[in-house]
Amino acid sequence: MTQGADSRAVATVLVSHSGARWLSAVLDGLGAQTYPVDRVVAVDTGSKDDGVEQLIAALGDEAVVVSGRQTSFPAAVELGLARLTELGCAPTWIWLLHDDANPAPTALAELIAAADEHGDADILGPKLREWPSLRRLLEVGVTISGTGRRETGLERAEYDQGQHDDVRRVLAVNTAGMLVRTDTLRELGGFDPALPIFGNDIDFGWRAAAAGHTTLIVPQAVVFHAEAAHRGARRTPLTGRHTHYQERRAALYTLLANSTTIALPWRLLRLTLGTLVRVLGFVAVRSIGEALDELAALGWIYARPRQILAARRWRRDRSRETQTARQTKGSAESDTDPRSLLAPWWLPYRHGLDFVSDLAAAATNQAADVAERRRAATVAQAARTAALAPTHSTTRAAPLSSRQRDAPAEDTEDDELPEPDSGLLTRFLTSPVALGSAVFLVAVLIGTRAAWGSVTGGALAPAPEAAGDWWRLYTEHAHPLGLGTDVPAPAYLAPLAALASLLGGSPAAAVTAVLVLALPVAFWGAWRLIRVTGRLLDPAGLPRWLIAVCAATYSLVSAVSGGWSAGRLGGVAVSALLPWLIHAALGFADPEPDRRWRAAWRTGLLLAVTTAVGPAVFGFALLATVVVLLAGAVFARSLVTDRSVALPPLVALLVVPVLLAPWWLPMLLDGNAGGLLLDPGRLPPATAGFIDLVFGRLAGSGAPQWLTWPILAGALAALLPRASRSIAMACWTAVLVTAAIAAAVTAPTIAVLGGAVRPSPTSLIPVMQGALILAAVSGLSVLLRAVLLRSSRLGPVLLAVLALVAPVGGAMWFAAGGHDEFADTEVSDIPAYMKQSGRLGPERGVLIVRGDVDTGLDYQVRRGDGATIGVDEVLAMTSENTEFSVALQGLVSRPTPESVGALSSRGIEYVVLPAPADGRVAAQLDATVGLSQASAEDRSTRAWVVDEPASTGVLDGPGSWLRMLLLIVQGLGLLVVLVLSAPTWRERR
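Cut-off values and rules
Per chain, residue numbering runs from 1 following the sequence as it is written. In view of the model being predicted, local features appear only for residues whose pLDDT reaches at least 70, and side-chain atom pairs are presented and counted only at 80 or more, with totals across whole chains, interfaces and linings using the full set of residues. Values shown for side chains rest on all heavy atoms present in the structure; no hydrogens or waters enter the calculation. Under the DSSP-based scheme used, a helix requires at least four consecutive residues in state H or I and a strand at least two consecutive residues in state E, with every element numbered from the N terminus. Exposed residues in this analysis have more than 50% of their type's maximum accessible area, buried residues have under 20%, and partly exposed residues fall in between, with area computed by a 1.4 Å probe over protein chains only. Surface exposure here means Shrake-Rupley accessible area, sampled with a 1.4 Å probe, where a residue is shielded only by the protein chains that are shown. Interaxial angle, 0 to 180 degrees, is taken between N-to-C directions of lines fitted to C-alpha atoms, where a helix line uses only the stretch in contact. Should an angle fall under 35 degrees it is called roughly parallel, over 145 degrees roughly antiparallel, and 65 to 115 degrees roughly perpendicular, with every other angle called oblique. Note on contacts: a residue pair is in contact if any heavy atoms of the two residues lie within 4.5 Å. Classification used: nonpolar for Ala, Val, Leu, Ile, Met, Phe, Trp, Tyr, Cys and Pro, charged for Asp, Glu, Lys and Arg, polar for all others including Gly. Predictor confidence is given residue by residue as pLDDT, running from a minimum of 0 to a maximum of 100. Working definition: a disulfide is two cysteine sulfur atoms within 2.5 Å of each other. The aromatic pairing rule takes the rings of Phe, Tyr and Trp, using the six-membered ring of Trp, and pairs them if the centres are within 6.5 Å, calling planes under 30 degrees apart stacked, those over 60 edge-to-face and the rest tilted. By definition here, charges over rings are those cases where NZ of Lys or CZ of Arg is within 6 Å of the ring centre and within 35 degrees of the ring normal. For this analysis, a nonpolar core means a set of buried residues of the types Ala, Val, Leu, Ile, Met, Phe, Trp, Tyr and Cys, connected via side-chain atoms within 4.5 Å. Here a crossing is called left-handed whenever its near helix is offset anticlockwise from the far helix by less than a right angle, and right-handed whenever the offset is clockwise. Here a strand pair is declared whenever DSSP counts at least two bridges between the two strands. Arc definition: directions from the helix axis to the C-beta atoms.

Colleague: Account for the overall build of the protein, naming residues and giving values.
Modeller: Secondary structure assignment for the protein yields 36 helices and 19 strands. Classification of the 989 residues of the protein by burial places 50% in the buried group. For the protein, the accessible surface area stands at approximately 45,800 Å², while carbon and sulfur atoms represent 61% of it.

The structure is reproduced here in structure tokens:
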């Protein structure tokens, strides 16, 4: 292009929207330019501040265009160009500025100098530095990656040290300070109206490069940019509250509108998959809003294919017109492919590695912060202990070394303090508490020897062959069990199946893990809980030996109650989970709101798992929450009215029905609400009255009751001293609440297949015993302190012996084998070859008929592996098939071809009369046409095979959209809860 005075004429278009806080500085910067500006036009898009007045005062009324709040940036630029035309100004260059972009005095001069030096340059942009820090780099040219990420080529928080000061060609420059030829701006049709505020600079630069224009970055020109819209410092009707959604939508639109036709399908697929990955990344850092914005932006793209196609046609037509015009003028064709200006293909993968590194660094930093807080708490606790301890000598102790000050309080045992240089093994061997705890846990593990391997017996049904059987039972709507049923699988199958999958897909290993590890996990959880709650009794904390005794006593609850030996998985799992649940709930009292909300999600997750294995626990949690909130409303109303205090416990309760919806909702809709109260395991449920709950026993089972007498006596005695009375009263309140829930749970009679049962309060035994143990420990701690202050030597010994009765006696009873209900194999009266045949498919069912004609006959249908864990509950809640019952009655009285056909049509291959078989029924079946005698292992057992091949049609139920929807809701809910339970590490915008 020819150079001359006219070619250097510059007009500025300043776009403003509620930017009065920056406008004065921007106008001063514009007036201080060393290169003269021929004309300045400002376009205000509905400012609510005094920005318009500032513009009019500085530029004059005719130079200011006032538009509506819905005016986009492309439309504002067009209004500015139109006003320049009205004013008779025809500049060669248009300099675009934002109201939050303050140019350095030499910014325009440097841009014009670069334009003179590079005559082929049509678009030039300055270096952007952060305002108000002034030194931090924001952009030195910009491009876009294949995933839609805005790439600047800069490191995070990189400072300007002249390292990027080369003038070079780039894909695009920011509109904040962009200098563009007027004819180029008009030739390209201005900025795309589909990009109202974000992304229009990259789109414009891409279109310019495709049309053969050159875009240069001129780092010598500096503009300070506040990025008000991007940072959320300013919201407009165009940005809304979801800035990330607008930015992401603009990025996807830009990529799809400017990609080549050949690359478009791949681009669309990559953006779809990349969006899903980004969603997972945002979810992992608890940025749920950004994750939803990602999905919304992708949905916007998919909902507007015509708009994308129209944008591509518009760009293609513009490109052809530009090429034709250049050929007419004889201008040289551009030899630069716009794709060479895009970000490298590998850059998104590097960002992914950076993201993983950030996660690892954040986790490490958080762990260090937690360790530092614990160390500080330990030092403070040691200081309080030293201050509260009685002085028995006037000898002044030597000052502690730094290593002694930093040593955890748990490693200090009265007067037996190990040397600072002692190793872990030395400290272990010199700590009576550590040795005693280790011996106790070894004794407990020895007591669990009956559960090593595949176990069944009592309430524990056999485990299926593979974890996939549990997953299939949990996810399918209709089950090929019995005569076919649509009763949903119980909620506890999901965590049990997940555990089995982690253990190599072995359900038997999962059952063994629950039975073997439940007691050590309960010990660990109780230790953590009592160590925290003990500070309510003594600011210095309880003695470690007392914590260990209390934790050991609680960990044996499921064993001494008889629930462990009876195979009551629900009660066993509740005893292990309960201390962790209460420890998470203690976070509701944290002074920081963020920690209270995290406690809500953690508590809700643990409560959902605990409710799945012990339904009655949810009733206790619900009633306890109501009691606590009502007490807070009476004694501390100002706290309860704070939403961050009252809402977290309620949110924790609401998490449970969401995560257990696939079990709860179908049972309620089908009128089987009573089934929600049944504990896992075979029927009938265990029974326990109020006295049994107080002593922590199931009716007629468990360890000797004298083991519990010290606990009950200590809990009652704790009501006497004033120091322990408040905690003891709270514990006894929990006991009364538990008793009320137990009475309510056991009151209804639930109709099950073959009779009626009452729910069991098994899962409430750990709750009541935990409250009694905590009350006893509070009383024992106060009494022990009083005895020590009196310098009594016999008193502490007697108290220690009394405290050790329950854990030592219980551990010895359990290790000696105080349980004998487990068996290694399933006792069955079905021939082995029928079991093997049943595993080949659900159509090979076995009809088992028991009883006699005089007392009545009962029947059941066995399929596959039989009634395995999880199947019992489904079959129990399945209603009787009256049609088949009538057909079976006819078969054993007056058999007809129709009654025999009812067997094959329902997938029954064999009929078995277990010993002792009724001779009249056996004779009737021997004479039935369509049945042939089959062999049985026991002579007293009779068996027949159905001649007609069995059918599976009646067992194949239709799919259920409700079941699929509930599983999706559960999965998404679990993902959200897990993410919100995690610590916060990412700073929000």
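After that view, the rundown keeps rolling.
Colleague: Lay out unusual backbone geometry in plain terms, naming residues and giving numbers.
Modeller: Note the cis peptide between Trp131 and Pro132, where omega equals 25°. Along the chain, Pro132 falls in the loop between β6 (121–130) and β7 (137–139). Of note, the bond from Ala915 into Pro916 is cis; its omega dihedral lies within 30 degrees of zero at -5°. Considering the arrangement of structural elements, one finds Pro916 in the loop between β17 (908–913) and α35 (919–926). With phi around 75°, Leu134 is a residue other than glycine that occupies positive phi space. With respect to the element layout, Leu134 can be found in the loop between β6 and β7. Within the chain, Glu227 stands out as a residue other than glycine whose phi angle is a positive 50°. Summarising the element assignment, Glu227 is placed in the loop between β12 (214–225) and α7 (243–258).

Colleague: I'd like a rundown of the packing of helix α21 (residues 593–613) against helix α22 (residues 616–635), residues and numbers included.
Modeller: At a minimum axis distance of 7 Å, the contact between α21 and α22 shows a crossing angle of 135°. Overall, the two elements α21 and α22 adopt an arrangement that is oblique. Note on element contacts: α22 touches α21 through Val617, Phe618 and Ala621, opposite Leu607, Thr610 and Thr611. Within the contact of α21 with α22, the residues separate by chemical class into four nonpolar, two polar and no charged.

Colleague: Pulling in residues and values, what's your account of the confidence of the model for the protein?
Modeller: Any segment with low pLDDT has predicted coordinates that should not be analysed in fine detail. Here the protein averages 84 in pLDDT, while 87% of its residues score no lower than 70. Note on residues 1–5: pLDDT under 50 across the span, and five contacts to partners over four residues away in sequence or across chains. Confidence drops under a pLDDT of 50 for residues 387–422, and excluding neighbours within four residues, the segment shows 29 contacts in the predicted structure.

Colleague: Tell me about the state of the cysteines, residues and numbers included.
Modeller: Evaluation of the coordinates by the stated rule reveals zero disulfides. The thiol of Cys550 is unpaired, and the distance to the nearest cysteine sulfur, on Cys731, comes to 9.7 Å. A relative accessible area of 6% means that Cys731 is categorised as buried.

Colleague: Describe the packing of aromatic side chains, naming the residues involved and giving the relevant values.
Modeller: Within this structure, the stated rule accounts for eleven aromatic pairs. For the ring pair Phe191 and Phe204, a centre distance of 4.8 Å and an interplane angle of 45° mean the geometry is tilted. With Phe191 in the loop between α5 (182–187) and α6 (200–210) and Phe204 in helix α6, this pair connects stretches of sequence that are 13 residues apart. Neither residue differs from the other here; Phe191 and Phe204 are each classed as buried. Three or more aromatic residues joined by ring pairs form one cluster here, namely Phe73, Phe191 and Phe204. Here Arg249 stacks its cationic end above the ring of Trp300, 4.4 Å away from the centre of that ring. In this arrangement the basic side chain of Arg963 is found over the ring face of Tyr474, its NZ or CZ atom lying 5.4 Å from the centre.

Colleague: Explain the nonpolar core to me, and be specific about the residues and the numbers.
Modeller: Membership of the largest hydrophobic core comes to 125 residues, with the highest contact counts inside it found for Trp470, Leu515, Leu519, Leu556, Leu607 and Ile869. The biggest single contributor to this core is helix α17 (residues 507–537), with 13 residues. Excluding its chain neighbours within four sequence positions, the residues that come into contact with Trp470 are Pro464, Leu493, Leu496, Ala497, Ala500, Pro507, Ala510, Val511 and Ile869. By size, the runner-up hydrophobic cluster in this structure holds 38 residues, among which are Leu124, Trp131, Leu179 and Ala228.

Colleague: Go over the packing of helix α1 (residues 20–31) against helix α2 (residues 51–59), please, and point to the residues and values.
Modeller: Two elements in contact, α1 and α2, have axes separated by 9 Å at closest approach and are oriented at 15°. It follows that α1 is roughly parallel to α2 by the angle criterion. Pair α1 / α2 crosses with right-handed handedness. Seen from α1, the contacting residues are Ala20, Leu23, Ser24 and Leu27; seen from α2, they are Gly51, Gln54, Leu55 and Ala58. Grouping the constituent residues of the contact of α1 with α2 by class yields five nonpolar, three polar and no charged.

Colleague: Give a detailed account of the pairing of strand β16 (residues 856–862), specifying residues and quantitative values.
Modeller: Put simply, side chains in a regular strand alternate between the two faces of the sheet. Across seven bridges, strand β15 (residues 845–852) lies against β16 in antiparallel orientation. Paired with Ile848 across the strands is Gln860, a residue of β16. Taking the residues between adjacent antiparallel strands as the criterion, β15 and β16 are bridged by three residues.

Colleague: Let's hear about the sheet that holds β17: which residues, and what values?
Modeller: The mixed open sheet is built from five strands, whose spatial order is β16-β15-β17-β19-β18. Each edge of the sheet is formed by a strand with only one pairing partner; in this case those strands are β16 and β18 (931–934). Across this sheet, the average inter-strand angle for adjacent strands is 25°, counted without regard to direction. Contacts between helix α34 (residues 897–905) and the sheet are confined to β15, β17, β18 and β19 (942–946), with β17 contributing the most and set at about 115° to the helix. Of the strands in this sheet, β16, β17, β18 and β19 touch α35, which is tilted by about 25° from β19.

Colleague: Account for helix α4 (residues 107–117), with residues named and values stated.
Modeller: Here α4 has its buried residues at Ala107, Leu108, Leu111, Ile112, Ala114 and Ala115. Axial view of α4: buried residues confined to an arc of 160°, hence all on one face. Check the buried side of α4 and you find it contacts β1 (10–16), β4 (93–98), β5 (101–103), β6, β11 (179–181) and β12.

Colleague: An account of the side chain of Thr275 is needed here, citing residue identities and associated values.
Modeller: Locating Thr275 in the fold gives a position in helix α8 (residues 264–284). Those residues within four positions of Thr275 in sequence are excluded, and the remaining contacts are Arg248, Glu294, Leu295 and Leu298.

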